[in-house]
Amino acid sequence: LWKEGGERGVYKSQDGGATWELVLEVDEHTGANEVVMDPRNPDVLYASMHQRRRHVFTYVGGGPGSGLYKSTDAGATWKKINKGLPANRGRIGMAISPADPEYLYAIVEAAEGKGGLYRSMNRGASWQKRGGYSSSGNYYQEIIPDLKNPDVLYAMDTWMKVSKDGGKSFQNVGEDAKHVDNHCMWIDPVDATHWLVGCDGGIYETWDAAQHWDFKANLPVTQFYKVAVDNAKPFYNIFGGTQDNFSLGGPSRTISSNGIANDEWFITHGGDGFESQVDPQNPNIIYAQSQYGVLVRFDKATGEEIGIQPKPLEGENAYRWNWDAPLEVSHHVPGRLFFAANKLFRSDDRGNTWDVLSDDLTAQIDRNKLKVMGKVQGIDAVMKNGSTSPFGTIVAFSESPIQQDLLYVGTDDGLIQVSTDGGSTWRKIDQLPGAPKMSYVNEILASHHDENTVYVALNHHKYGDFKPYLFKSTDRGVSWTSIANNLPEKGSLYAIEEDHVDPNLLFVGTEFGLHVSNDGGNEWKQLKAGLPTIAVRDIAIQAEENDLVLATFGRGFYVLDDYSSLRMLDQELLAGDGQLLPVRDAKIWEMATPYGLPGKAFQGDSWYQGGNMGPVALISYYLKDKLSTLEATRKKKSGKNVKADLDDPYPSYEELVSEATEDKPMIYFLIKDQAGNLVRKLTKAPGKGLQRITWDLRFAPKDPVSLSSSSFYNPFAGQRQGHGVAPGSYSVEMHQWKDGEMMAIGAAQTFSVVPLDQHALPAAEPADLVAFKNEVTTLQSAVQSSGRIISDLASEMKFVRKAIEQIEIPQAEYLGRILTIESSLRSVRTALYGDRIASRLDQDRLPSIASRIGGVAYGIKYASSAPTTTHQVQLDLAKKGYSKIASDIAQLIDGPLKQLRVDLRNAGAPYTPNALPILSEGKN
């Protein structure tokens, strides 16, 4: 652990982590790598200390502070135990064999090839080298001993290793069909062939000691460096580069009710993935790259890729490529690309040929002359310059969206270069006010609105400085102003994006999340709303949809659908009581079910499904104050009194009655069609601030109302929802219900419902289709309601039978009347639902009314094609049959049943449903 103030080392807690005590302190360049406890004695501890330093310009993997320590008094005192280990050490991994705790192992990184696997058989007093195997201290150096055999060791490495002779030799365990770059391992204490292994590809499981592997595909933990979007229709795609899992592309939305599945994503290039770009005119042309500028042009239609990385011309030195080289498609010239190493390149033919636009634009510093850990490190320092990019590279680029000859680059050694003539000449900026020298220029962004405005995000975290450095220039970089302002002091910046409509709306991605500003960076607010606390490495805006798309380092992509409401959060809006915000056009379609059922279908719980926004209208609104109930208001005041240690008075009787009888406040949204007809009502509890509710572009269901819900999920039952509305123009109004009054809030907003137009046989007149569905839904609702009535009346007759047993009158007359009513109910039920007895005997019988209308509803509810002739005929037959049924039910209720209820009441019968009891005169 590292506590602020420079106290680095080993900490100990004896209360489950509530408090910590520093038990082994080291210098400012050294950290505790690993602590191992002797399983026989909890007071015996072994600690591996690691001295290393990573800068933007280099990496040194070891030093004199690296070594092993031992404590026999639970950390009170420590002594070094490095006898037999090489002198110039780097990172050390340790393990005690659980099979025999006398076997203490260390895998040691060291300079000049002197590292290897060491073992102590005298509890660390001395070490013997067993073999020369050592992994990379920057990535691995983890060893896991077998639980049963003290001579068996597993080593984490690019290819996972195993030693069966106590570290003398190591072999690959076998990783066919498994990702490489292993970092952690669990061995089943019961079955030593059953492992869980964590690697750069995720988690894998084996039950046969690495002969076969099962990949856990349901963990959304991808590390994305960069993100890009295309303009594909009907839904745009998202592209990005991942840490060690290639470059990928996939849909932002799909027509599937199963969500967005892993197999809908496709690989555009291998290696570690970085910045991708898509041709604005042709979404099938995708540019993707792996580390050190290996750029390809990927053809989405065929899956082919062709390498298009610029190569040195005759007489040119090799180019210096960063791990993450900047790439951009031109805003102005179709087919134009910009790409950068230590020089800037431009292609006007999609990468077939390249022009070198500049000489070396970096500071051209010799990194081997810079001090690391207080001194210049020699060539034999542990892993000097290893596992790090060449220093002196371009890492950021931006072409002005307004002025095509205005170009900006930023370098890893702290320079900003500006060209106003398309790259022929450059002006250098080597210092921004208040920024550290040699800061990594993580991003440059030329404004969409003002050709003289440019933004720069600097990142200095590799020097131990985690402050956000964010600057704006309105004169093409001649002068700069910090706009970091109230951004959290610890939260290194990675990305900045400017809204394409409002120049004052800015977004920044930091180490700990996303922040937004409505006033050009004067004040920042964090955006969460489901976004975890995660590094936001890059930001893209899909302008047509007004979607904000994030690349996070460890939780995949995130999409904020239609962020345009953030443009409205000005002082005028915030001062008002509330307002509906503009609603973007809503795409409508009927969801497909490629897996046969919605959701996970039969794929099992381990099947991963990404979030998928279906056909919805996104309705955003603002409420200044939360509408609280009287009870909530009283309890809030009471809480303040208690906290302030004040009297907390009892409420009066009248106040408690008012609380008990108050109807809760509610916000109502009224959706109307172009003719002003009410289509749907939506309700939501009133919250405070910017809120959102969605309309699924459907009418309300007309099924019988039920106040209960089932805990059993039946995927075959379908959803309780109405059918879709017709495309066209709609409006939404917002109303507040409080204190028994309904009041309109703000102005109505109009929006369009737009079809995808992907159907093979669409209805010629969508309005006629909706009218037909309305007719079907109305009749089906009537049939269902009649069925409920019949069921309720049959249940009532059971109560009546019991009641006549308890009154002092002969039963025969009443039983006869009950039989007549029950016979009528059976006849009606048979007409509605069919003859149950004939069904048991497999006799031929007429289709029931419910089966006719149910078949039509099932066949047409989720269809965008016109109803068939069969649908129309079945609807007409169902209507004809139901007309008589409805009349029979009404006559039964208004005739025999009504009279029976009156007679039972007059006879003094106890309560039965729907009968109001009375007291006869002269009787108690």
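Cut-offs used in this document
- Residues numbered from 1 in each chain as written.
- Predicted model: local features only at pLDDT ≥ 70, side-chain atom pairs only at ≥ 80, totals over all residues.
- Heavy atoms only, no water.
- Helix = DSSP H or I, 4+ residues; strand = E, 2+ residues; numbered from the N terminus.
- Buried < 20%, exposed > 50% of the residue type's maximum accessible area, 1.4 Å probe, protein only.
- Contact = heavy atoms within 4.5 Å.
- Areas by Shrake-Rupley, 256 points an atom, 1.4 Å probe, with all protein chains shown as cover.
- Lys, Arg positive; Asp, Glu negative; His and termini not counted.
- Charge placed at Lys NZ, Arg CZ, Asp CG, Glu CD.
- Axes fitted to C-alpha atoms, helices over the stretch in contact; angles between N-to-C directions.
- Left-handed = near helix turned anticlockwise from the far one by under 90°.
- Nonpolar A, V, L, I, M, F, W, Y, C, P; charged D, E, K, R; others polar.
- Core = buried A, V, L, I, M, F, W, Y, C linked by side-chain atoms within 4.5 Å.
- Polar contact = N/O pair within 3.5 Å; in protein donor to acceptor, adjacent residues only side chain to side chain.
- Salt bridge = Lys/Arg side-chain N within 4 Å of Asp/Glu carboxyl O.
- Pairing = 2+ DSSP bridges.
- Patch = residues over 30% accessible without salt bridge, like charges linked within 9 Å, V, L, I, M, F, W, Y side chains within 5 Å.
- Disulfide = S-S within 2.5 Å.
- Phe/Tyr/Trp six-rings, centres within 6.5 Å; stacked < 30°, edge-to-face > 60°.
- Parallel < 35°, antiparallel > 145°, perpendicular 65-115°, else oblique.

**Student:** Just checking my understanding: could you explain the overall build of the protein chain for this structure?
**Tutor:** For the protein chain, the count of helices and strands is 8 helices and 61 strands. A principal-axis box enclosing the C-alpha atoms of the protein chain has dimensions of 110 × 75 × 70 Å. Relative to its 924 residues, the protein chain shows a buried fraction of 49%. If you take every contact in the protein chain between residues at least 6 apart in sequence, the share linking residues at least 24 apart comes to 54%. For the protein chain, the exposed area adds up to about 44,800 Å²; of that, 51% sits on carbon and sulfur atoms. The average position of the 95 basic charges and that of the 115 acidic charges among the side chains of the protein chain differ by 4 Å.

**Student:** Which parts of the structure should I look at to understand the packing of helix H4 (residues 766-804) against helix H7 (residues 849-860)?
**Tutor:** Their axes nearest at 10 Å, the elements H4 and H7 cross at an angle of 145°. Every pair of crossing elements has a handedness; the one defined by H4 and H7 is left-handed. Contacts between H4 and H7 involve Leu769, Phe772, Lys773, Val776, Leu779, Gln780 and Val783 on the former and, on the latter, Ile849, Ala850, Ile853, Gly854, Val856, Ala857 and Ile860. Split into classes, the residues belonging to the contact of H4 with H7 amount to 11 nonpolar, 2 polar and 1 charged.

**Student:** Just to check I follow, could you spell out the nonpolar core for this structure?
**Tutor:** One recurring pattern in soluble globular proteins: nonpolar side chains tend to sit buried together. Val783, Leu832, Leu900 and Leu904 are the most contacted members of the largest nonpolar core, which has 36 residues in total. At the level of secondary structure, the elements contributing two or more residues to this core comprise H4, helix H5 (812-833), H7 and helix H8 (869-906). Those residues in contact with Leu900, other than ones at most four positions away along the chain, are Met797, Val800, Tyr814, Arg817, Ile818 and Ile821. Leu580, Ile588, Leu623 and Met734 belong to the second largest nonpolar core, which has 27 residues in total.

**Student:** Is there a simple way to think about the side chain of Asp499 in this case?
**Tutor:** Relative to the helices and strands, Asp499 is located in the loop between strand E45 (493-498) and strand E46 (506-510). According to the relative accessible area criterion, Asp499 is buried, its value standing at 0%. A polar contact is formed between the side chain of Asp499 and the backbone nitrogen of Val501, at a distance of 3.3 Å. A distance of 2.7 Å separates a polar atom in the side chain of Asp499 from a polar atom in the side chain of Arg567.

**Student:** Would you mind going over the pattern of salt bridges with me for this structure?
**Tutor:** Oppositely charged side chains are able to pair whenever their charged atoms sit close together. Inspection of the entire model under this criterion finds 36 salt bridges. Note that Arg119 is salt-bridged to Asp151, the shortest N-O span being 3.5 Å. In this pair, Arg119 sits in strand E12 (residues 116-120) while Asp151 sits in the loop between strand E14 (143-145) and strand E15 (153-155), placing the two residues 32 residues apart along the sequence. Two residues, Asp348 and Arg336, come together in a salt bridge whose shortest N-O distance is 2.6 Å. On the criterion of sequence distance, the pair formed by Asp348 in the loop between strand E33 (344-347) and strand E34 (355-356) and Arg336 in the loop between strand E31 (327-329) and strand E32 (337-340) is long-range, its members being 12 residues apart. Counted as one network, the salt bridges with shared partners bring together Asp38, Arg40, Glu102 and Arg123.

**Student:** Looking at this structure, how should I read the sheet that holds strand E58 (residues 689-695)?
**Tutor:** Think of a sheet as strands paired side by side through backbone hydrogen bonds, with each pair either parallel or antiparallel. A sheet is described by the order of its strands in space; here 3 strands give the open sequence E52-E55-E58, paired in antiparallel fashion. Edge positions in the sheet fall to strand E52 (578-580) and E58, since each of these pairs with one other strand and no more. Each adjacent strand pair in this sheet contributes to an overall mean axis angle of 20°, direction not counted. Sheet analysis places strand E55 (residues 617-623) next to E58, joined by 7 bridges and oriented antiparallel. Residue Leu618 lies in a different strand from E58, and its bridge partner there is Thr694.

**Student:** Looking at this structure, I do not really get a nonpolar patch on the surface. What am I missing?
**Tutor:** On the surface, Trp186, Leu196, Ile203, Leu219 and Val221 cluster together to form a nonpolar patch covering roughly 390 Å² of accessible area. Structurally, Ile203 is set in strand E20 (residues 202-206).

**Student:** I'm lost on the state of the cysteines in this one. Help?
**Tutor:** What we call a disulfide is simply a covalent bond connecting the sulfur atoms of a pair of cysteines. Across all of its chains, the model carries 0 disulfides by this definition. With no disulfide of its own, Cys184 lies closest to Cys199 among cysteine sulfurs, the gap being 8.5 Å. We classify Cys199 as buried; its relative accessible area is 11%.

**Student:** Would you mind showing me how to read the sheet that holds strand E10 (residues 89-96) here?
**Tutor:** Strand order in the open sheet made by the 4 strands is E10-E11-E12-E13, with antiparallel pairing throughout. Edge positions in the sheet fall to E10 and strand E13 (128-131), since each has one partner strand and no second. When strand polarity is set aside, the average angle formed by the axes of neighbouring strands in this sheet is 30°. Here E10 runs beside strand E11 (residues 104-110); their pairing, made up of 6 bridges, is antiparallel. Bridging from a neighbouring strand, Gly93 pairs with Ile107 of E11.

**Student:** Quick question: what am I supposed to make of the side chain of Gln736 here?
**Tutor:** Here Gln736 is to be found in strand E59 (residues 728-738). A residue is classified by how much of its surface remains accessible, and Gln736, at 16% relative accessible area, is buried. Ignoring anything within four residues of it in the chain, the contact list for Gln736 reads Leu627, Met666, Ile667, Glu741, Met742, Met743 and Ile745.

**Student:** Just checking my understanding: could you explain the packing of aromatic side chains for this structure?
**Tutor:** In this description, a pair of aromatic rings is defined by centroid distance and the angle of the planes. Counted by the stated rule, this structure contains 30 aromatic pairs. Between Phe266 and Phe298, the aromatic rings sit 6.4 Å apart at their centres with planes inclined by 15°, giving stacked as the arrangement. Taken together, the residues span a long stretch of sequence, with Phe266 in strand E26 (residues 266-269) and Phe298 in strand E29 (residues 294-299) at a distance of 32 residues. Assessed through its relative accessible area of 18%, Phe266 is described here as buried. When its relative accessible area of 6% is taken as the criterion, Phe298 is described as buried.

**Student:** How do you make sense of the packing of helix H2 (residues 630-643) against helix H3 (residues 653-661) when you look at a structure like this?
**Tutor:** Packed helices, taken two at a time, are described by their axes: the angle between them and the distance between them. Running from N to C, H2 and H3 cross one another at 130°; their axes reach a closest spacing of 8 Å. Taken together, the axis directions place H2 and H3 in an arrangement best described as oblique. Note on element contacts: H3 touches H2 through Leu656, Ser658 and Glu659, opposite Leu630, Glu631 and Arg634. Classifying every residue of the contact of H2 with H3 by side-chain character gives 2 nonpolar, 1 polar and 3 charged.

**Student:** Looking at this structure, how should I read a positive patch on the surface?
**Tutor:** On the surface, Lys626, Lys636, Lys640 and Lys688 cluster together into a patch of positive charge. By the element assignment, Lys626 lies in the loop between E55 and H2. Looking at Lys626, the relative accessible area reads 53%, which means it is exposed.

**Student:** How should the environment of Asp43 be read in this particular structure?
**Tutor:** Relative to the helices and strands, Asp43 resides in the loop between strand E4 (30-37) and strand E5 (45-51). Distance in space between the C-alpha atoms of Asp43 and Asp73 is 5.0 Å, their sequence separation being 30 residues. Setting aside its immediate chain neighbours within four residues, Asp43 contacts Ser71, Thr72, Asp73 and Ala74.

**Student:** Mind showing me how you'd approach the environment of Asp547 here?
**Tutor:** Structurally, Asp547 can be placed in strand E50 (residues 547-552). Taking the C-alpha atoms as reference, Asp547 lies 33 Å from Cys199; in sequence the two are 348 residues apart.

**Student:** Can you help me understand the pairing of strand E8 (residues 67-71) in this one?
**Tutor:** Two faces, one strand: in a regular strand the side chains alternate between the faces of the sheet. Burial of E8 is extensive: 5 of the 5 residues sit out of reach of the surface. Residue alternation in E8 divides its side chains into two sets, Gly67, Tyr69 and Ser71 and Leu68 and Lys70, and both sets are buried. Pairing between E5 and E8: 5 bridges, direction antiparallel. Bridged to Met49 within E8 is Gly67. Bridge count for E8 against strand E9 (residues 79-80) is 2 bridges, and the pairing is antiparallel.

**Student:** What is the right way to read unusual backbone geometry from this model?
**Tutor:** Across residues other than glycine, the phi torsion is negative in most instances, and most of the peptide bonds are trans. Geometrically, the link from Lys233 to Pro234 is a cis peptide bond, its omega value of 0° lying close to zero. As for its position among the elements, Pro234 is in the loop between strand E22 (224-229) and strand E23 (237-242). With phi around 60°, Gln141 is a residue other than glycine that occupies positive phi space. With respect to the element layout, Gln141 can be found in the loop between E13 and E14. Its identity as a non-glycine residue notwithstanding, Asn546 has a phi of 55°, on the positive side. For Asn546, the location among the structural elements is in the loop between strand E49 (536-542) and E50.

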